[in-house]
Amino acid sequence: SNLSINGDIMAPDVGGSITIHDSTKFTYVMLDTGPGLVDHTGVVKFYDSRDTLYLQREAEKPRRVARSSSVNVNVDIQKHARLGMVVDPGTGEGLEVKGTANLNAFINPDGSIGLTGVYELEDGFYELKFNFLTRKFVIQKGSTITLSGDPMDAEASIVAIYKADIAPYDLVEKQVSQEDLNFYKQRIPFHVLLKIDGKAL
């Protein structure tokens, strides 16, 4: 990272650049959001009413006006960095990608987070798990993930291929002549395409 920090010490402005190096392996797990503490305002404090020193200290505490930092950094992702997302923690179904990107990340004073740019994929896989079936689809170069603000609204345009050697006899039995059916009883290489479009989540 190469960052500069300027301004009010209670709410500084942070800028600069961050590089995600080739040696990186980062995995994000999609979890169901359970109950949690949304706002700590109004949390009850218990104290001994006979402790007059405590009451005096609380009254003398300076009241600060809440201020927030702003962050604006450029993020460079190198082509061999591996970034993954586990879509279903129960089955382990998920995605792992490699590629390059020059992104801009920002956090506004109001706390909103943004990420913009195009992540161009060069390699990786989507591991599809359905019942007892597991297949690893290899991501094709040219696939992209486009970010235009909220990272959770990223748009995916991904094509992945699973190579299968199968005998397609059952598929073509009624479409070809009887003499050609023997050819389709042998194993033939097929490319099964998996297309992922729309919101990445």
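Description of the structure in this document.

Definitions and cut-offs
- Residues numbered from 1 in each chain as written.
- Predicted model: local features only at pLDDT ≥ 70, side-chain atom pairs only at ≥ 80, totals over all residues.
- Heavy atoms only, no water.
- Patch = residues over 30% accessible without salt bridge, like charges linked within 9 Å, V, L, I, M, F, W, Y side chains within 5 Å.
- Areas by Shrake-Rupley, 256 points an atom, 1.4 Å probe, with all protein chains shown as cover.
- Salt bridge = Lys/Arg side-chain N within 4 Å of Asp/Glu carboxyl O.
- Helix = DSSP H or I, 4+ residues; strand = E, 2+ residues; numbered from the N terminus.
- Buried < 20%, exposed > 50% of the residue type's maximum accessible area, 1.4 Å probe, protein only.
- Phe/Tyr/Trp six-rings, centres within 6.5 Å; stacked < 30°, edge-to-face > 60°.
- Lys NZ or Arg CZ within 6 Å of the ring centre and 35° of its normal.

Let's shift gears to a nonpolar patch on the surface. Taken together, the side chains of Phe26, Tyr28, Met152 and Leu201 define a hydrophobic patch exposed on the protein surface, amounting to about 410 Å² of accessible area. As for its placement among the helices and strands, leucine 201 is situated in the segment after β11 (188-199). The exposure class of leucine 201 is exposed, given its relative accessible area of 51%.

It is worth spelling out the pattern of salt bridges at this point. Where side chains of opposite charge bring their charged atoms close, a pairing between them can arise. Using the criterion set out here, one finds 3 salt bridges in the structure. Two residues, glutamate 122 and lysine 79, come together in a salt bridge whose shortest N-O distance is 3.7 Å. Of this pair, glutamate 122 sits in strand β7 (residues 113-130) while lysine 79 sits in the loop between β4 (70-77) and β5 (82-88), placing them 43 residues apart in sequence. Classification of glutamate 122 by relative accessible area gives partly exposed; the value is 29%. Using a relative accessible area of 40% as the deciding quantity, one classes lysine 79 as partly exposed. Two residues, glutamate 155 and lysine 199, come together in a salt bridge whose shortest N-O distance is 3.4 Å. Of this pair, glutamate 155 sits in strand β10 (residues 155-166) while lysine 199 sits in strand β11, and the two are 44 residues apart along the sequence. A relative accessible area of 35% places glutamate 155 in the partly exposed class.

On to the packing of aromatic side chains. Counted according to the given criterion, the structure contains 2 aromatic pairs. Ring geometry for phenylalanine 137 and tyrosine 162: centres 5.7 Å apart, planes at 50°, overall tilted. In this pair, phenylalanine 137 is assigned in strand β8 (residues 133-139) and tyrosine 162 in strand β10, connecting sequence segments 25 residues apart. Residue class for phenylalanine 137 comes out buried when judged on its relative accessible area of 6%. Taken together, a centroid distance of 5.1 Å and an interplanar angle of 85° make the contact between phenylalanine 183 and tyrosine 184 edge-to-face. Look at phenylalanine 183 and you get partly exposed, because its relative accessible area is 45%. The class of tyrosine 184 is partly exposed, set by a relative accessible area of 23%. Across from the ring centre of phenylalanine 125, 4.3 Å away, lies the NZ or CZ of lysine 136, which sits over that ring.

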